[in-house]
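These are the residues of each chain, in order.
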Amino acid sequence: MDNCDIEKITRLVIESLKKDDKSTGFLVPVGVSARHIHLTQADVETLFGKGYQLTKKKDLMGGQFASNELVTIVGLKLRAIENVRILGPVRSASQVEISATDAIKLGIKAPVRESGNIAGSAPIAVVGPCGVVYLKEGCIIAKRHIHMSPADAERAGVKNGDIVSVKVDNERATTFNNVLIRVNPSFTLEMHIDTDEANAAEIRTGMKAEIVKD
């Protein structure tokens with residue numbers, strides 16, 4: 001074998017490895033996020049009674065938990081969705097996270113937003129066993145995002161606030177664009193999408209998605 005053949009074979013091997021590197025990106029488990037609500041302590045007490053404290057059902061990442069408490073959310077024309085779970089602990093502002101299908105059912109125009117960005121978002125009423133809270137703003141469709149620890153972010157080559165594309169290689173082979181990276185030491189690696197996105201792409205919690213690098 002002469003030098004030209006060796007050089008050609010080496011070049012082909014390197015090109016093949018580069019293709020493999022591009023197609024095999026950083027894998028992330030997917031979590032399907034159902035509708036839920038975050039409340040201030042004042043709103044918890046309006047809904048459940050003076051001095052009431054949320055009770056824990058299940059621990060979640062970042063010090064959050066799914067509570068045992070459920071409420072009803074009511075949109076325009078008194079359209080309602082029952083049994084919406086509250087996530088704790090309490091926050092500085094109340095926020096309702098729903099899907100686009102939920103928004104249609106409720107008759108409201110909820111914007112797609114990052115959690116916590118509720119300025120100018122949709123109004124909604126929350127009904128509990130002891131009272132009603134009317135939020136002039138606070139109902140959103142959560143922007144799809146990936147939770148990461150700093151170590152995960154370093155391995156993935158991304159940083160907090162980055163926007164990436166993510167591919168799910170199942171029968172429906174869907175690529176999600178505009179996926180927000182959120183980095184915090186308390187986070188467990190997981191991509192969060194809502195039930196509409198999961199149903200459309202036939203995705204179940206626990207499936208793997210791949211960060212696609214351009």
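Residues numbered from 1 in each chain as written. Predicted model: local features only at pLDDT ≥ 70, side-chain atom pairs only at ≥ 80, totals over all residues. Heavy atoms only, no water.

Student: So what exactly am I meant to see when it comes to the layout of surface pockets here?
Tutor: If a probe as big as a water molecule is rolled over the atoms, it shows which places are left empty. By volume, the largest pocket amounts to about 910 Å³. Along the walls of the largest pocket sit 39 residues, with Ser 33, His 36, Leu 60, Leu 87 and His 192 positioned nearest its centre. Looking at the lining of the largest pocket, its residues break down into 11 nonpolar, 15 polar and 13 charged. (1 Å grid on protein atoms, 1.4 Å probe; cavity = no way out; pocket = protein on both sides within 12 Å on 5 of 7 lines; lining within 4 Å. Points joined across faces, edges and corners; volume = space filled by probe spheres on them. Nonpolar A, V, L, I, M, F, W, Y, C, P; charged D, E, K, R; others polar.)

Student: Help me understand the confidence of the model for the chain in this model?
Tutor: It should be kept in mind that the predicted coordinates are not to be read in detail where pLDDT is low. Averaged over all residues, the pLDDT of the chain is 91; the fraction at 70 or higher stands at 88%. Within the model, the stretch residues 17-23 combines pLDDT values under 50 with three contacts to residues more than four positions away or in other chains. (pLDDT = per-residue confidence, 0-100. Contact = heavy atoms within 4.5 Å.)

Student: Any chance you could explain unusual backbone geometry here in plain terms?
Tutor: Excluding glycine, residues mostly have negative phi values, and the peptide bonds linking residues are mostly trans. The omega angle of the peptide bond from Gly 88 to Pro 89 is 0 degrees, so this bond is cis rather than trans. Relative to the assigned elements, Pro 89 resides in the loop between β5 (80-88) and β6 (95-98). Of note, Ala 173 is a non-glycine position whose phi angle comes to about 40 degrees, a positive value. Mapped onto the fold, Ala 173 is located in the loop between β11 (163-168) and β12 (174-183). Positive phi values are uncommon outside glycine, yet Glu 202 reaches one of about 55 degrees. (Helix = DSSP H or I, 4+ residues; strand = E, 2+ residues; numbered from the N terminus.)

Student: Please explain the side chain of Thr 40 as it appears in this structure.
Tutor: By the secondary structure assignment, Thr 40 is in the loop between β2 (36-38) and α2 (41-48). At a separation of 3.1 Å, a polar atom in the side chain of Thr 40 contacts the main-chain amide nitrogen of Asp 43. The contacts of Thr 40, once residues within four sequence positions are left out, are Val 90, Arg 91, Ser 92, Ala 93 and Ser 94. (Polar contact = N/O pair within 3.5 Å; in protein donor to acceptor, adjacent residues only side chain to side chain.)

Student: Help me understand the packing of aromatic side chains in this model?
Tutor: Note on aromatic pairs: each is described by the distance of the centres and the angle between the planes. Taken as a whole and assessed by the stated rule, the structure comprises one aromatic pair. Relative to Tyr 52, the ring of Phe 48 has its centre 5.0 Å away and its plane inclined at 20 degrees; by these criteria the two rings are stacked. (Phe/Tyr/Trp six-rings, centres within 6.5 Å; stacked < 30°, edge-to-face > 60°.)

Student: Looking at this structure, how should I read the side chain of Ser 99?
Tutor: For Ser 99, the location among the structural elements is in the loop between β6 and α3 (100-106). For Ser 99, a relative accessible area of 3% gives the class buried. Apart from residues lying up to four places away in sequence, Ser 99 is in contact with Ile 141, Asp 194, Thr 195 and Asp 196. (Buried < 20%, exposed > 50% of the residue type's maximum accessible area, 1.4 Å probe, protein only.)

Student: Quick question: what am I supposed to make of the environment of Ser 149 here?
Tutor: Inspection of the secondary structure assignment puts Ser 149 in the loop between β10 (145-148) and α4 (150-156). For Ser 149, a relative accessible area of 13% corresponds to the buried category. Sequence-wise, Ser 149 and Ser 186 are 37 residues apart; in three dimensions their C-alpha atoms are separated by 6.7 Å. Excluding anything up to four places from it in sequence, Ser 149 contacts Val 183, Asn 184 and Phe 187. Looking at Ser 149, its side chain comes within polar contact range of the side chain of Asp 152, at 3.1 Å.

Student: Is there a simple way to think about the pairing of strand β4 (residues 65-74) in this case?
Tutor: The side chains of a regular strand alternate, first on one face of the sheet and then on the other. Of all 10 residues making up β4, seven are buried, and the element is well covered by its neighbours. Relative to β4, strand β3 (residues 56-59) runs antiparallel, the two being bridged by three bridges. In the strand pairing of β4, Lys 58 is matched with Ala 66. Remark: five residues form the turn of the hairpin made by β3 and β4, two consecutive strands paired antiparallel; Gly 62 in that turn has positive phi of roughly 70 degrees. Here β4 runs beside β5; their pairing, made up of six bridges, is antiparallel. The partner of Leu 70 across the bridge, within β5, is Arg 85. (Pairing = 2+ DSSP bridges.)

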